[in-house]
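Spelled out from the first residue to the last, the chains are:
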Amino acid sequence: MEGKDTIINKIMSDADSQAEEILAQAKAKAEAQVKKALDESEALQADAAKKAEDAGSELITRRLTVAGLDVKKQMLAVKKELIDASFAKAESVLAGLEDDDYLKLISAMLAKSASDGDTVTVSAKDKSRITADFIKKQSKKLGISLTLGKEYGDFDGGIILTGGGVDKNLTLEVELKLLYDEIQADVAAILFKETENA
């Protein structure tokens, strides 16, 4: 759980600066849309007064409702974009961890998911970090037989375990997607607490 908390805290801290910039842009867009909608409604109101007060009021109400919905849709799209960017940044941060921290992460993945006889596939990027010696030490530590694969995977970080006709994809991308589904509401609540209170 401590590794998960570290990942979540890193995601949050790295996303703060990016969140402020994107939120500022989103707020500016939203304000511009609301101003445009208000300007349009004022013009419509003057026109409606000339034609028929009832028809004008109904049209204004519909226009404001549509403008309000458009603003909400744009804000939701910006929030999703920011959350996605936060997780992409987290993957980059994890892949770029110092060797000791990265190997602790890989060691935890092996402890949780490896089975006796598994072959461990690593990315070409990790070939100097996740070595046959490291895998041998992990095998001994876990009391199971693990082998480092001869081929490298086409992914940025993490590992793929193959054994018994089953692949276990523990790449950083897949692990973060699983985490995304689990904690996206919490991430959104943290990133956007200021906008909810505004």
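Look above for the structure.
First, a word on scope: everything that follows refers to the structure included in this document. (Residues numbered from 1 in each chain as written. Predicted model: local features only at pLDDT ≥ 70, side-chain atom pairs only at ≥ 80, totals over all residues. Heavy atoms only, no water.)

On to the overall build of the chain, then. Helix and strand counts for the chain stand at 6 helices and 4 strands. Starting at the N terminus, the α and β elements of the chain follow one another as α-α-α-β-α-β-β-β-α-α. In the chain, which comprises 198 residues, the share counted as buried stands at 37%. Within the chain, residue pairs in contact and separated by at least 24 positions form 80% of the contacts whose partners lie at least 6 positions apart. Roughly 12,500 Å² of accessible area belongs to the chain as shown, and the carbon and sulfur atoms make up 53% of that amount. (Helix = DSSP H or I, 4+ residues; strand = E, 2+ residues; numbered from the N terminus. Buried < 20%, exposed > 50% of the residue type's maximum accessible area, 1.4 Å probe, protein only. Contact = heavy atoms within 4.5 Å. Areas by Shrake-Rupley, 256 points an atom, 1.4 Å probe, with all protein chains shown as cover.)

The next point concerns the pattern of salt bridges. All told, the structure shown has 5 salt bridges when counted by the stated rule. For Lys-137, the salt bridge identified is with Asp-133, shortest N-O distance 3.4 Å. Linking Lys-137 with Asp-133, this pair stays in helix H4 (residues 132-142), spanning 4 residues, or about one helical turn. Residue class for Lys-137 comes out exposed when judged on its relative accessible area of 54%. Bridged by salt links that share partners, the residues Asp-99, Asp-126 and Arg-129 form one connected network. (Salt bridge = Lys/Arg side-chain N within 4 Å of Asp/Glu carboxyl O.)

Right, let's talk about the pairing of strand E1 (residues 119-122) for a bit. Where E1 meets strand E2 (residues 147-148), 2 bridges bridge the pair, whose relative direction is parallel. Each residue of the ladder has a partner; that of Thr-119, found in E2, is Thr-147. Handedness of the crossover is the feature at issue here: the chain leaves E1, passes through H4, returns alongside E2, and the resulting connection is right-handed. In this sheet, strand E3 (residues 158-163) lies alongside E1 in antiparallel orientation, the contact comprising 4 bridges. (Pairing = 2+ DSSP bridges. Right-handed = clockwise from strand over helix to strand, strands pointing away.)

The next thing to look at is the sheet that holds strand E4 (residues 166-171). The strand order E2-E1-E3-E4 describes an open sheet built from 4 strands, whose pairing is mixed. Looking at strand neighbours, the two that pair on one side only are E2 and E4, the edges of this open sheet. Where E3 lies against E4, 6 bridges are found, and the strand directions are antiparallel. Paired with Gly-163 across the strands is Val-166, a residue of E4. Lying over the sheet, helix H3 (residues 99-113) contacts E1, E3 and E4, oriented at roughly 30° with respect to E3. (Axes fitted to C-alpha atoms, helices over the stretch in contact; angles between N-to-C directions.)

On to the packing of H3 against H4. Interhelical geometry of H3 versus H4 gives an angle of 45° and a closest axis separation of 11 Å. Considering their axes alone, H3 and H4 lie oblique with respect to each other. Crossing hand, H3 versus H4: right-handed. Note on element contacts: H4 touches H3 through Phe-134, Ile-135, Gln-138, Lys-141 and Leu-142, opposite Leu-103, Ile-106, Ser-107, Leu-110 and Ala-111. Split into classes, the residues belonging to the contact of H3 with H4 amount to 7 nonpolar, 2 polar and 1 charged. (Parallel < 35°, antiparallel > 145°, perpendicular 65-115°, else oblique. Left-handed = near helix turned anticlockwise from the far one by under 90°. Nonpolar A, V, L, I, M, F, W, Y, C, P; charged D, E, K, R; others polar.)

Glancing now at the side chain of Ser-139. Residue position: Ser-139 is located in helix H4. Excluding residues that lie within four positions of it along the chain, Ser-139 makes contacts with Ile-144, Ser-145 and Leu-146.

This next bit is on H4. If you check which residues of H4 are buried, you get Phe-134, Ile-135, Gln-138 and Ser-139. Projected down its long axis, H4 shows its buried positions confined to an angular sector of 140°, all on one face. For H4, the exposed residues lying more than 90 degrees away from the buried face are Lys-136, Lys-137, Lys-140 and Lys-141. The secondary structure elements touched by the buried residues of H4 are H3, E1 and E2. Among the residues trailing H4, Gly-143 stands out with phi positive, at a value near 70°. (Arc of directions from axis to C-beta.)

In this section: the packing of aromatic side chains. Here the structure, examined in full by the defined rule, presents 0 aromatic pairs. Note that Arg-129 overlies the ring of Tyr-102, its terminal NZ or CZ placed 3.8 Å from the centroid. (Phe/Tyr/Trp six-rings, centres within 6.5 Å; stacked < 30°, edge-to-face > 60°. Lys NZ or Arg CZ within 6 Å of the ring centre and 35° of its normal.)

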